[in-house]
Amino acid sequence: MLTVTEAAAEAITALTAQQGAEESGLRFALQSMENEGAQLALSVAPAPEDGDRVVGTDNGAKVFLEPQAAALLDDKVLDVQQDETGDVAFAVLPQQSL
């Protein structure tokens, strides 16, 4: 199952707070599947859609995964990274083996 880091959960909470709905979350959906890999669409959604898998965090942040996106992200970690200009972006990383 997708793991959400504490930093990513804080970023999700900040984004969804702007929506004003308690049930809102960050939603991943499969946009296209190509030879080089999958293209995922990322959006802030007011609620999960039918069939979405919901991943919750300890601080209340929610991630909604469309079924095909859930399969692709099953062994991944959602984190945030800062670029050289200071902008923050979500990053999907492989889970580290223990």
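Refer to the structure above for everything that follows.
Residues numbered from 1 in each chain as written. Predicted model: local features only at pLDDT ≥ 70, side-chain atom pairs only at ≥ 80, totals over all residues. Heavy atoms only, no water.

S.K.: Please give an account of the sheet that holds strand β6 (residues 76–82) that cites residues and values.
M.R.: Strands sit in the order β1-β6-β7 across an open sheet of three strands; the sheet is mixed. Sheet topology places β1 (3–4) and β7 (88–94) at the edges, where each strand pairs with a single neighbour. Sheet topology note: the β6/β7 ladder contains seven bridges and is antiparallel. Note on β7: the bridge partner recorded for D79 is A91. Against the sheet, helix α1 (residues 6–17) contacts β1, β6 and β7, and its axis sits at roughly 75° relative to β6. (Pairing = 2+ DSSP bridges. Helix = DSSP H or I, 4+ residues; strand = E, 2+ residues; numbered from the N terminus. Contact = heavy atoms within 4.5 Å. Axes fitted to C-alpha atoms, helices over the stretch in contact; angles between N-to-C directions.)

S.K.: Account for the pairing of strand β2 (residues 25–34), with residues named and values stated.
M.R.: Sheet topology note: the β2/strand β3 (residues 37–45) ladder contains nine bridges and is antiparallel. Bridge assignment links M33 to a residue of β3, and that residue is A38. In the sheet, β2 pairs with strand β5 (residues 62–65) via three bridges, with the strands oriented parallel. Each bridged residue has a counterpart across the sheet, and for F28 the counterpart in β5 is L65.

S.K.: Explain the nonpolar core residue by residue, including any values.
M.R.: Formed by 17 residues in total, the largest nonpolar core has its most connected members in L2, V4, I12, F28, V63, L65 and L78. Secondary-structure elements contributing two or more residues to this core are α1, β2, β5, α2 (67–73) and β6. Residue contributions to this core peak at four residues, all from α1. If sequence neighbours within four positions are ignored, V4 has contacts with A9, I12, V55, T57, V63 and L78. (Core = buried A, V, L, I, M, F, W, Y, C linked by side-chain atoms within 4.5 Å. Buried < 20%, exposed > 50% of the residue type's maximum accessible area, 1.4 Å probe, protein only.)

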